[in-house]
Amino acid sequence: EKNIKLNLEYISPEVARNNNESKPFLFCDSLKDSIRIIEQLERENVYLLLDLLHWFCDKSEMTIQDIKDYIGFV
């Protein structure tokens, strides 16, 4: 109703470990999992903030076509 959009940023485990964390706390361990979370929220104003480095570091085979409807900000 207020036209507020929330963009959730996915951070790949590979990138998080590059920050010298041996076991980073991650509530989401893949890009596919982040899409699942957005779907479970069942809100029309929640999107994915897509950092290309995190996307390319993800081990999934998801393409831009798979996630385009979820992208709110790149």
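Now for a look at the structure at hand. Here the structure is a predicted model, which is why all the values come from computation and not from measurement. (Residues numbered from 1 in each chain as written. Predicted model: local features only at pLDDT ≥ 70, side-chain atom pairs only at ≥ 80, totals over all residues. Heavy atoms only, no water.)

## A few points about the pairing of strand E2 (residues 46-49)
For clarity, the threshold we go by: A strand pair is defined by DSSP finding two or more bridges across the two strands. Secondary structure elements are defined from DSSP: runs of H or I of at least 4 residues count as helices, runs of E of at least 2 residues count as strands, and each element is numbered from the N terminus.
The sheet contact formed by strand E1 (residues 6-9) and E2 spans four bridges and is parallel. For glutamate 9, the partnering residue across the bridge sits in E2 and is leucine 49. Of the pairings in the sheet, the one linking E2 to strand E3 (residues 71-73) comprises two bridges and is parallel in character. Of the residues in E3, the one forming a bridge with leucine 48 is isoleucine 71.

## Considerations on the pattern of salt bridges
Here is the rule: Any carboxyl oxygen of Asp or Glu that lies within 4 Å of a side-chain nitrogen of Lys or Arg is treated as forming a salt bridge with it. Relative accessibility under 20% of the residue-type maximum defines a buried residue, over 50% an exposed one, and the middle range a partly exposed one, all with a 1.4 Å probe and only protein chains included.
Overall, the coordinates contain two salt bridges when judged by the stated rule. With a shortest N-O distance of 2.4 Å, aspartate 33 and arginine 36 are connected by a salt bridge. Separated by three residues within a single helix, aspartate 33 and arginine 36 lie in helix H2 (residues 31-41), roughly one turn from each other. Of the residues examined, aspartate 33 reaches a relative accessible area of 13% and is grouped as buried. By relative accessible area, arginine 36 is classed as partly exposed at 37%. Between lysine 68 and aspartate 69 there is a salt bridge; the shortest N-O distance is 3.6 Å. Judged by relative accessible area, lysine 68 falls into the partly exposed class, the value being 44%.

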